[in-house]
Amino acid sequence: AIGRSMYVIQLRHWFKAFQDIGRDPQTEFHIVRSEDLLDDVDTEYTKVLEFLGLPDTELKSKTKKVVGDHTQPMNKATRKKLEDFFAPYNQQLYKLMGGGDWDGFWEK
């Protein structure tokens, strides 16, 4: 499960595949952070429609399909280990995504 959370490794392969056929991955991919989607589903939905060149359409359901059942906060030592582990991967991701609002996103 941790491997799936190293987004930069997965995206790097896809970006390279698009670059190899002469396409610009920065314009071919639209990455949606789950944090942004949960924070403002309407805005993120509109951005996806715009990226795909689709007409503005009302989102029929805003029901969350994946809902955590975390009843207690994560242990601080565990969180620190995870933050330290993911830090270099996140830095690479920020660089791959071109900085902007990605820069330091998970260090907040």
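Each remark here, short or long, concerns the structure printed above.
What counts, and at which threshold
- Here the residue index of a chain counts from 1 through its sequence in written order.
- Under the rules for a predicted model, residues below a pLDDT of 70 receive no local features and side-chain atom pairs below 80 are neither given nor counted, while totals for whole chains, interfaces and linings still include all residues.
- By convention in this description, side-chain values take in all heavy atoms of the structure and omit both hydrogens and water.
- Angular values range over 0 to 180 degrees, each being the angle between N-to-C directions of two axes fitted as lines to C-alpha atoms, with helices fitted over their stretch in contact.
- Helix and strand assignments follow DSSP, with helices taken as H or I runs no shorter than four residues and strands as E runs no shorter than two, numbered in order from the N terminus.
- A crossing counts as left-handed when the near helix is turned anticlockwise from the far one by less than a right angle, and as right-handed when that turn is clockwise.
- Contacts are residue-level and defined by heavy atoms, with any inter-residue pair within 4.5 Å sufficient.
- Residue polarity follows a fixed list, in which Ala, Val, Leu, Ile, Met, Phe, Trp, Tyr, Cys and Pro are nonpolar, Asp, Glu, Lys and Arg are charged, and the others, Gly among them, are polar.
- Only the six-membered ring of Trp is used, alongside the rings of Phe and Tyr, when aromatic pairs are assigned; centres must lie within 6.5 Å, and planes under 30 degrees apart are stacked while those over 60 apart are edge-to-face, with the rest tilted.
- Remark: exposure states derive from per-residue accessible area (1.4 Å probe, protein chains only) relative to the maximum for the residue type, with buried under 20%, exposed over 50%, and partly exposed in between.
- Criterion for a salt bridge: a side-chain nitrogen of Lys or Arg within 4 Å of a carboxyl oxygen of Asp or Glu.
- Patches here are clusters of residues that have more than 30% relative accessible area and form no salt bridge, with a 9 Å joining cutoff for like charges and a 5 Å cutoff for nonpolar side chains (Val, Leu, Ile, Met, Phe, Trp, Tyr).
- Surface accessibility in these figures is a Shrake-Rupley result with a 1.4 Å probe; residues are shielded only by whichever protein chains are displayed.
- Expected span of a helix: the number of residues minus one, times 1.5 Å.
- Across the chain, bend at a residue is computed as the angle between axes fitted to the seven residues ending at that point and the seven starting from it.
- Contacts described as polar in this section are N or O atom pairs within 3.5 Å, which, within protein, must combine one atom able to donate a hydrogen with one able to accept it, while residues neighboring in sequence count only if both atoms come from side chains.

**Notes on the packing of helix H1 (residues 7–20) against helix H5 (residues 76–96)**
- With their axes 8 Å apart at the nearest point, H1 and H5 run at an angle of 35° to one another. When you trace H1 past H5, the crossing you get is left-handed. Contact with H1, carried on its side by Tyr7, Val8, Ile9, Leu11, Arg12 and Phe15, involves Tyr89, Gln92, Leu93 and Leu96 of H5 and no other residues of that element.
- Looking at the contact of H1 with H5, its residues break down into eight nonpolar, one polar and one charged.

**As for the packing of aromatic side chains**
- Taken as a whole, this structure holds four aromatic pairs when the rule is applied.
- Between the aromatic rings of Phe85 and Phe86, the centroid separation amounts to 5.1 Å while the plane-to-plane angle is 85°, which identifies the pairing as edge-to-face.
- Looking at Phe85, the relative accessible area reads 35%, which means it is partly exposed.
- When the centroid spacing of 5.6 Å and the interplanar angle of 40° are considered together, the rings of Phe85 and Tyr89 count as tilted. You can see Phe85 and its partner Tyr89 sitting in helix H5, four residues apart, about one turn around the helix.
- Its relative accessible area of 24% is what places Tyr89 among the partly exposed residues.

**Some remarks on the pattern of salt bridges**
- Across all of its chains, the model carries six salt bridges by this definition.
- The shortest N-O distance in the salt bridge between Lys80 and Asp84 comes to 2.8 Å. With Lys80 and Asp84 both in helix H5, this residue pair falls four residues apart, about one helical turn.
- A residue is classified by how much of its surface remains accessible, and Asp84, at 44% relative accessible area, is partly exposed.

**Overview of a nonpolar patch on the surface**
- A contiguous nonpolar patch, built from Phe51, Leu52 and Leu54 and spanning about 280 Å² of accessible area, is present on the exposed surface.
- Here Phe51 is to be found in helix H4 (residues 41–52).

**Structural notes on the environment of Leu11**
- Mapped onto the elements, Leu11 comes out in helix H1.
- Here the alpha-carbon distance between Leu11 and Leu96, two residues 85 residues apart in the chain, equals 8.5 Å.
- In this structure Leu11 touches Ile31, Leu93, Leu96 and Met97, once residues within four positions along its chain are discounted.

**Overview of H5**
- Helix length check: H5 (21 residues) gives 29 Å between terminal C-alpha atoms against 30 Å at 1.5 Å per residue, within 8%.
- Of all bends in H5, the biggest is about 45°, found at Ala87, and the proline Pro88 comes one to four residues later.
- Burial in H5 covers these residues: Phe86, Asn90, Leu93 and Tyr94.
- In this structure, the buried residues of H5 make contact with H1.
- By the N-cap criterion, in which a side-chain oxygen at the helix start approaches the backbone nitrogen of a residue two or three places on, H5 is capped by Asn75, the distance to Ala77 being 2.7 Å.

Taken by themselves, the reported measurements are silent on function.
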